[in-house]
Amino acid sequence: IIPLVLSIFNDVMATRININGNINEEAFVSVFDHGFLFGDSIYEVINTKKNSPCFLDDHLQRLHRSADGIKLNIPFNDEWFKNQIARTLVEAANQESYIRIVVTRGIGDIDIDPSSCHSPCVLIIVTSARAYPLELYETGIHLALVNVKRNSKDALNPGIKTGNYLNNVLAKIEADHFGAHDALMLNPFGQLTESTTSNFFFVQDGRVMTPSLDCGILAGITRDIVIRIARENGIPLEEGIWPIEILDKADEMFLTGTVKHLIPVTRLDGKIIGDGKPGTITRSLMHFYERLLEELES
Ligand code: PDD
């Protein structure tokens, strides 16, 4: 059940950057932009099907929630975003695209106070769709439980998709050090949270389980869809708060995200999960998700 969208990229990579409505092959932001200086920005990553954005309304809704979360006023409405994304997709003319919206606080004094920034910078980066190596969907990936903790909800809420990803970058560096593909992070209370750019699921005795939003995770759009398709297909699903030990009894694990869709996890900290192959429930959810994407086209 290899994600179809990932299997068709022999595309020459064309990148176009829309900066406040102007499209170019290259774009530059000021070194005085607070997005650059302080990570004071928000973003979204959107993929395409037949080069049309998938779940765009959900992504725009989350962009607005993130903007509210950092008290940033986005100067454009959804219609503007939809038009500009469409224009930029046409200019880039890829078969399938990776779309990244970034809204920064804008140019200001070289001081943390955002009140000197009067005009947010709105970027829409469109490039050729990014693919994970196809074989990883057959073999599954390896995760490392890292020491770096996911930010506390009360410090920098992971529910806000900010451009301040250093927490996740550090977790990724640690995972690389352990020779794993990605990291699994706990929150400061020792509860399961998520991976560096994806949500985490596991399966135990036929039940699909995923950390609840209360644990301090991003409300992933793919996560939401997986929860919905599990319920629609009669697969028991539970959101909850669990310590790492719960995973001792896990039969299957997988990650979800816009770019990777659903990807099986077959090792955690070197320990084999289940029989070491992508599990049955994981594979059927992968299948349902890919089918849903196919249906988006019609
Ligand atoms: N990442 N958790 C984190 C920390 C993420 O950054 C992401 C998305 C997800 C999954 O969310 P969604 O299903 O809406 O893509 C979970 C994007 C893809 C990225 O940064 O590339």
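As shown above, the structure is provided for reference.
Right, let's walk through the structure included here. Every chain begins its residue count from 1, and numbering advances along the sequence as written. In view of the model being predicted, local features appear only for residues whose pLDDT reaches at least 70, and side-chain atom pairs are presented and counted only at 80 or more, with totals across whole chains, interfaces and linings using the full set of residues. Excluded from the side-chain calculation are hydrogens and water; included are all heavy atoms of the structure.

### So, the packing of aromatic side chains
Inference 1: Planes of paired rings set the category: under 30 degrees apart is stacked, over 60 is edge-to-face and the rest tilted, where pairs are Phe, Tyr or Trp rings (Trp by its six-membered ring) whose centres lie within 6.5 Å. Taken as a whole, this structure holds six aromatic pairs when the rule is applied.
Inference 2: Taken together, a centroid distance of 5.3 Å and an interplanar angle of 80° make the contact between F202 and W242 edge-to-face. Here W242 lies in the loop between β11 (237–240) and β12 (252–257) and F202 lies in strand β9 (residues 199–204), a separation of 40 residues in the sequence.
Inference 3: Take F202: its relative accessible area is 0%, and that puts it in the buried class.
Inference 4: One aromatic cluster is present, built from ring pairs that chain together F76, W80 and F81.
Inference 5: A ring is considered to have a charge above it if a Lys NZ or an Arg CZ atom is located within 6 Å of its centre and within 35 degrees of its normal. Over the aromatic face of Y98 sits the side chain of R130, whose NZ or CZ is 5.4 Å from the ring centroid. Here a strand is any run of E in DSSP of at least two residues, a helix any run of H or I of at least four, and the numbering for each starts at the N terminus. Between buried and exposed lies partly exposed: a residue is buried under 20% and exposed over 50% of the maximum accessible area for its type, with that area taken using a 1.4 Å probe on protein chains only.

### Considerations on the pairing of strand β13 (residues 261–268)
Inference 1: Most of β13 is tucked away, with seven of its eight residues classed as buried.
Inference 2: A pair of strands is treated as paired once DSSP finds two or more bridges between them. Here strand β7 (residues 141–145) pairs with β13 via three bridges, running parallel. Bridging across to β13, H142 finds its partner in R267.
Inference 3: Following β12, the chain reverses through three residues before pairing antiparallel with β13.
Inference 4: As paired elements, β13 and strand β14 (residues 271–272) share two bridges and run antiparallel to each other. Considered in β14, the bridge of R267 is made with I272.
Inference 5: The loop that links β13 with its antiparallel partner β14 comprises two residues; one of these, D269, has a positive phi angle of about 55°.

### Some details on the sheet that holds strand β2 (residues 22–24)
Either a parallel or an antiparallel arrangement is found when strands of a sheet pair, and the pairing is made through backbone hydrogen bonds.
Inference 1: Strand order in the open sheet formed by six strands is β2-β1-β6-β5-β3-β4, and the pairing between neighbours is antiparallel. The strands lining the two open edges of the sheet, one partner per strand, are β2 and β4 (52–53).
Inference 2: In this structure, strand β1 (residues 16–19) lies alongside strand β6 (residues 121–128), joined through four bridges in antiparallel fashion. Residue pairing across strands places I19 opposite L123, the latter belonging to β6.
Inference 3: In this fold helix α3 (residues 78–92) packs onto β1, β2, β3 (41–49), β4, β5 (97–104) and β6, with an angle of close to 35° to the strand it touches most, β6. Contacts were defined at the residue level, with two residues in contact if any of their heavy atoms lie within 4.5 Å. Whenever a helix is involved, its axis is fitted only over the stretch in contact; in every case the axis is a line through C-alpha atoms, and angles between N-to-C directions fall within 0 to 180 degrees.

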